[in-house]
Amino acid sequence: MSEHTAPFDAMVQVIDGKAEIIISGNKNVLEGGDMIIMPASEPHALNALERFKMILTMIRS
């Protein structure tokens, strides 16, 4: 997924496989069982390093 922003915080949970999540230029490699918060209005992108499954939860407060 190309770089973009979102109006709300979002939590990504990787269920299976491996992905790279870039938040404000910082690369994070997540594997099954890992999770990360993507802060609102921060640029972020996602790259599949192998086939993976994830859950994306938008946090609206």
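Along every chain, residues carry numbers that run from 1 in the direction the sequence is written. A pLDDT threshold of at least 70 governs which residues receive local features in this predicted model, and a stricter bar of 80 or more applies before side-chain atom pairs are shown or counted, although totals over entire chains, interfaces and linings include all residues. Water and hydrogen atoms were dropped before computing side-chain values, which therefore reflect all heavy atoms in the structure.

1. Observations concerning the sheet that holds strand β3 (residues 26-31)
The pairing of strands in a sheet happens through backbone hydrogen bonds and is either parallel or antiparallel. Defined as follows: Strands are labelled as partners when DSSP assigns at least two bridges between them. Strands here are runs of E lasting at least two residues and helices are runs of H or I lasting at least four, both read from the DSSP assignment and numbered beginning at the N terminus. As a rule, the C-alpha atoms of each element are fitted with a line to give its axis, helices using only the stretch in contact, and angles between N-to-C directions run from 0 to 180 degrees.
Taken in spatial order, the three strands make up an open sheet running β3-β2-β5, and their pairing is antiparallel. Bordering the open sheet on either side are β3 and β5 (44-48), each of which pairs with just one other strand. Adjacent strand axes in the sheet meet at a mean angle of 20°, parallel and antiparallel pairs treated alike. Pairing geometry for strand β2 (residues 18-23) and β3, over six bridges, is antiparallel.

2. Let's talk about the pairing of strand β1 (residues 9-16)
In the sheet, β1 pairs with strand β6 (residues 53-59) via seven bridges, with the strands oriented antiparallel. The residue bridging D9 from the neighbouring strand is I59, located in β6. Looking at chain direction, β1 and strand β4 (residues 35-38) are connected through four bridges and run antiparallel. Counterpart to M11 in the pairing with β4 is I37.

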